[in-house]
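Listed below are the residues making up each chain.
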Amino acid sequence: MALRYAFKHLARACMGLALLGAAGTALADNYPDRPVKWIVPFPPGGAMDSIARTLGESMGKQLNTSFIVENRAGAGGNIGAASVARSKPDGYTILIVANGMAVNPALYADLNYDPIKDFAPISLLAVVPNVLVTNPARNDVKSVDEVISKAKAQPNHYTYASAGVGTSIHLAGELFVSMAKIDMLHVPYKGSGPAIADLLGGQVDYMFDSITSAKPHIEAGKLRALAVTTAKRSAALPNVPTVAESGLPG
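These figures come from a predicted structure and were not determined experimentally.

(A) Highlighting the nonpolar core. Residues V131, V133, F176, I182, M184, Y206 and M207 are the most contacted members of the largest nonpolar core, which totals 38 residues. Only β4 (130-134), α5 (144-153), β5 (159-162), α6 (168-180), α7 (192-201), β7 (206-210), α8 (211-219) and β8 (224-228) provide two or more residues apiece to this core. Among the elements that make up this core, the one with the highest residue count is α6 (five residues). When neighbours within four sequence positions are excluded, F176 is seen to be in contact with V144, V147, I148, I182, M184, F208, V243 and L248. Residues F42, V69, Y92 and I96 belong to the second largest nonpolar core, which totals 14 residues.

Shown next, in the form of structure tokens:
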């Protein structure tokens, strides 16, 4: 019932924003009576895609309908967000977002949507820490200190991947290189999945991926976890130190 109420609230809020207070609009008591489209503004394989598919399956069972996950990747999440902003404001198209809604207005001069006026929030779904990972084939780097020392010895030689400009993965990398006073090359992708694929293949050196998408590769021995970005160690990776513990306080 709580989920059903939340989605009714979403639809009413969307209508109020999109129709600018048009009178007489009401949502049927049997909402949802058809499938709900859930837009993920990044490719399959990342944290948001995983969350949407897992939660969508659960909500579908509880609400007796289908949640159809559709990936619309590109432009740091802007393509997917714009498609939802243009959709009919009836509560049957929803969007999962991360920090892009807050960051993208400062990075893109011509957004074709308004992150405040064109959307109504439903709920916080998850708080997902990031983890600094590298390919375990690199035997020369097993700690944050070694990442920093090697980057200082060879400025702009090492690369770090991200899920796109403005994503938390990108911002974590930018903050890291700024605080460590090093120079590394940022390599943006259209999502975490493609970035991880190249990290696994050795095309890039590092990545601050979300624990959600990185953990299976870490447990399988395909990625080496160097540090988590949280203030304290993560319960998901209790043996992995924080960045602050590893020689970069703050």
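(B) Representation of unusual backbone geometry. With an omega of -5 degrees, the peptide bond running from Y31 to P32 counts as cis. Among the structural elements, P32 can be located in the loop between α1 (2-18) and β1 (36-40).

(C) Representation of α7. Every buried residue of α7 is accounted for by S192, G193, A195, I196 and L199. Down the axis of α7, the buried side of the element spans an arc of 160 degrees, and every buried residue falls inside it. Considering only its buried residues, α7 is in contact with β4, β5, α6, β7 and α8. G202, located one to two residues past α7, shows a positive phi value of around 85 degrees.

(D) Up close: the layout of surface pockets. Size it by volume and the second largest pocket reaches roughly 330 Å³. What lines the second largest pocket is a set of 18 residues, among which A172, L175, T229, T230 and V243 lie closest to the centre. Broken down by element, the residue count for the lining of the second largest pocket peaks at five residues, all from α6. Of the residues that constitute the lining of the second largest pocket, the class distribution is 12 nonpolar, six polar and no charged.

Conventions used here
- Residues numbered from 1 in each chain as written.
- Predicted model: local features only at pLDDT ≥ 70, side-chain atom pairs only at ≥ 80, totals over all residues.
- Heavy atoms only, no water.
- Core = buried A, V, L, I, M, F, W, Y, C linked by side-chain atoms within 4.5 Å.
- Buried < 20%, exposed > 50% of the residue type's maximum accessible area, 1.4 Å probe, protein only.
- Helix = DSSP H or I, 4+ residues; strand = E, 2+ residues; numbered from the N terminus.
- Contact = heavy atoms within 4.5 Å.
- Arc of directions from axis to C-beta.
- 1 Å grid on protein atoms, 1.4 Å probe; cavity = no way out; pocket = protein on both sides within 12 Å on 5 of 7 lines; lining within 4 Å.
- Points joined across faces, edges and corners; volume = space filled by probe spheres on them.
- Nonpolar A, V, L, I, M, F, W, Y, C, P; charged D, E, K, R; others polar.

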